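Structural description and commentary
Given next are the chains, with one letter for each unit.
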Amino acid sequence: MYLPTDLRPSSCSIEAQNVEVADIFRRHINDYQARYKLHPEHYKVASDIMECRTPYLGGHIHACSDCGHEVELYNSCGNRHCPKCQTVAKARWLEDRKAELLPVPYFHTVFTLPHEINPLALCNKRIIYNLLFKAASETLLTFGYNPKNGLGGKLGVIAVLHTWDQLLNAHIHLHCLVPGGVLTPDKSEFKISNESFLFPVKALSKVFRAKFMEGFMNAFATKELEFPGRTAPLESPSEFRKMTRELWSKNWVVYSKPPFSGPETVLEYMARYTHRVAISNYRIKSCEGGKVTFSYRDRRKETTEEITLEAVEFIRRFLLHVVPRNFMRIRHFGLFANRCKQKNITLCLKLLGAKSQENGNDRSVEEIMLDLTGTDIRCCPLCKKGILEKRIEIKKYIYGMGGSEFIKSPKRRDST
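Procedures and definitions
Residues numbered from 1 in each chain as written. Predicted model: local features only at pLDDT ≥ 70, side-chain atom pairs only at ≥ 80, totals over all residues. Heavy atoms only, no water. Helix = DSSP H or I, 4+ residues; strand = E, 2+ residues; numbered from the N terminus. Buried < 20%, exposed > 50% of the residue type's maximum accessible area, 1.4 Å probe, protein only. Expected span 1.5 Å × (residues − 1). Arc of directions from axis to C-beta. Pairing = 2+ DSSP bridges. Axes fitted to C-alpha atoms, helices over the stretch in contact; angles between N-to-C directions. Contact = heavy atoms within 4.5 Å. Disulfide = S-S within 2.5 Å. Parallel < 35°, antiparallel > 145°, perpendicular 65-115°, else oblique. Left-handed = near helix turned anticlockwise from the far one by under 90°. Nonpolar A, V, L, I, M, F, W, Y, C, P; charged D, E, K, R; others polar.

Details of unusual backbone geometry
Peptide bonds are mostly trans, and most non-glycine residues show a negative phi. The phi torsion at asparagine 326 lies on the positive side, around 65°, for a residue other than glycine. In this structure, asparagine 326 sits in the loop between helix H9 (311–319) and strand S12 (330–334). Relative accessible area serves as the criterion here: at 67%, asparagine 326 is assigned to the exposed category. Here lysine 384, not a glycine, exhibits a phi torsion of approximately 65°, which is positive. Along the chain, lysine 384 turns up in the loop between helix H11 (365–373) and strand S13 (388–394).

Let's talk about helix H7 (residues 237–249)
Over its 13 residues, H7 runs 18 Å from end to end, which matches the ideal 18 Å to within 8%, given 1.5 Å per residue. Within H7, burial applies to Phe240, Met243, Thr244 and Leu247. One face of H7 carries all of its buried residues, which in axial projection span an arc of 100°. For H7, the exposed residues lying more than 90 degrees away from the buried face are Lys242, Arg245 and Ser249.

Points about the sheet that holds strand S4 (residues 156–164)
Reading across from one edge, S8-S3-S5-S4-S12 is the order of the 5 strands in this open sheet, with antiparallel pairing throughout. Bordering the open sheet on either side are strand S8 (254–257) and S12, each of which pairs with just one other strand. The sheet shows a mean angle of 25° between the axes of neighbouring strands, taken without regard to direction. The sheet contact formed by S4 and S12 spans 5 bridges and is antiparallel. Its bridge partner being in S12, valine 160 is matched across the sheet by isoleucine 330. Contacts from helix H5 (residues 125–145) reach strand S3 (106–112), S4, strand S5 (170–179) and S12, with the element oriented near 30° to S5.

Points about the state of the cysteines
Under the criterion given, the structure shown has 0 disulfides. Considering cysteine sulfurs only, cysteine 52 is the nearest to cysteine 85, which forms no disulfide, with 3.5 Å between them.

Concerning helix H3 (residues 87–98)
The end-to-end C-alpha distance of H3 is 17 Å, a good match for the 16 Å that 12 residues give at a rise of 1.5 Å each. Among all positions in H3, only Ala91, Trp93, Leu94, Glu95 and Arg97 are buried.

A closer look at the pairing of strand S10 (residues 291–298)
Burial analysis of S10 places 6 of its 8 residues in the buried class, the great majority of the element. Strand direction decides the pairing type here: strand S9 (residues 284–288) and S10, joined by 4 bridges, are antiparallel. The residue of S10 that forms the bridge with cysteine 287 is valine 292. Taken together, S9 and the strand that follows it, S10, pair antiparallel across an intervening segment of 2 residues, in which glycine 289 is found at a positive phi of about 60°. Both S10 and strand S11 (residues 303–310) contribute to a ladder of 8 bridges, which runs antiparallel. From the neighbouring strand, serine 295 faces S11, where its bridge partner is glutamate 306. Between the antiparallel neighbours S10 and S11 lie 4 residues, among them glutamate 302 with a positive phi of about 60°.

Points about the packing of H5 against helix H6 (residues 201–221)
Packing of H5 against H6 brings their axes to within 9 Å, and their N-to-C directions diverge by 140°. The orientation of H5 with respect to H6, classified from their angle, is oblique. Here H5 and H6 pass one another in a crossing that is right-handed. In contact with Ile127, Ile128, Leu131, Leu132, Ala135, Ala136, Glu138, Thr139, Leu140, Thr142 and Phe143 of H5, H6 contributes Ala203, Leu204, Val207, Phe208, Lys211, Phe212, Gly215, Phe216 and Ala219. Per-class residue counts for the contact of H5 with H6 are 15 nonpolar, 3 polar and 2 charged.

Focus: the sheet that holds S9
What the 3 strands build is an open sheet, ordered S9-S10-S11; its pairing is antiparallel. Both outer strands of the open sheet, S9 and S11, are each paired with one neighbouring strand and no more. On average, adjacent strands in this sheet sit at an angle of 25° to one another, irrespective of strand direction. Each of S9, S10 and S11 touches helix H1 (residues 21–35); the most contacted strand, S9, lies at about 50° to it. Across the sheet, H9 touches S9, S10 and S11, and the angle it forms with S11 is around 110°.

Rendered as structure tokens:
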């Protein structure tokens, strides 16, 4: 099946100002399927991205209250992997976090898995990613409880999973935001840490490696891991032991950034990391001749460079970073664990003699976008005076399938 002509890109190349991940999928998803099998979870992501803000999802016709000019606005797909659907979700999440900020220094610690694990991790995402969360959070909480580290109480941890680098290759790591202090076991004091230092990264690295490897080896022993394709040799106990010996011999990377200067800086930082997808549309420069060019940050040179990939390879790399269904990429531990978060935060603020910030999460989408961009999306684009008002509902596209209409279904590959 192919994309209907009303949604297919009209020119042979997509110009830099207009190019989006969705355009690349529409043009080259069939080329991708000719080379690779499309996993059901990838099928859902691809179809959602291609349908996003198109007639397939329906929408409304808005008319200007002053000049009568009509504008068609289509619904978003809401998929967390879609580059166009994260702005409002991120803003609402950050509004929730405002009320939870503590008036103490915040530290940023990154836990990275060795690249030798990547092939197996991509075949066992749910298991490996869960182990990463567990090992990193337990490491931080253990150090927080240890009085030798100058604290001796319960830490709070917000952890965000990222699985990519700037070139869209697998780079599995966890960003952890940690307030500099702990709630003592008797809950009588919030003990603040050193303002410039939390824990030694070399010690964190060793404990993190031990905790992850314990779970990793146990997953192998209980036959939870799968070994498809090129990972098949690792199913042999001898080969697996060989890999684990290599992993034990490595120094695992744990990186700690300097503390943030205040709550506003913390929120600005969190906005960059929480709802990020593998690549944003603004980084894509062109898609022509079956190739995609996009920009990336070369951290060694501290410069912005460009790279060109085959469109099929671009799609393959993008889909590497689709997380399993219902998998939580943002998790809270210790003081911030969901079951007791509000109670703990209220107590910590009281002990610190502070009040929580106002939660503005009841704001409308229009208010959020005005705050983020300085543009009132309700303003008529023609006369610039009137307000766009919702008039007529646009039903979903008559074919009712959208992006999924022209992707070969992974469940019925022989029939398409």
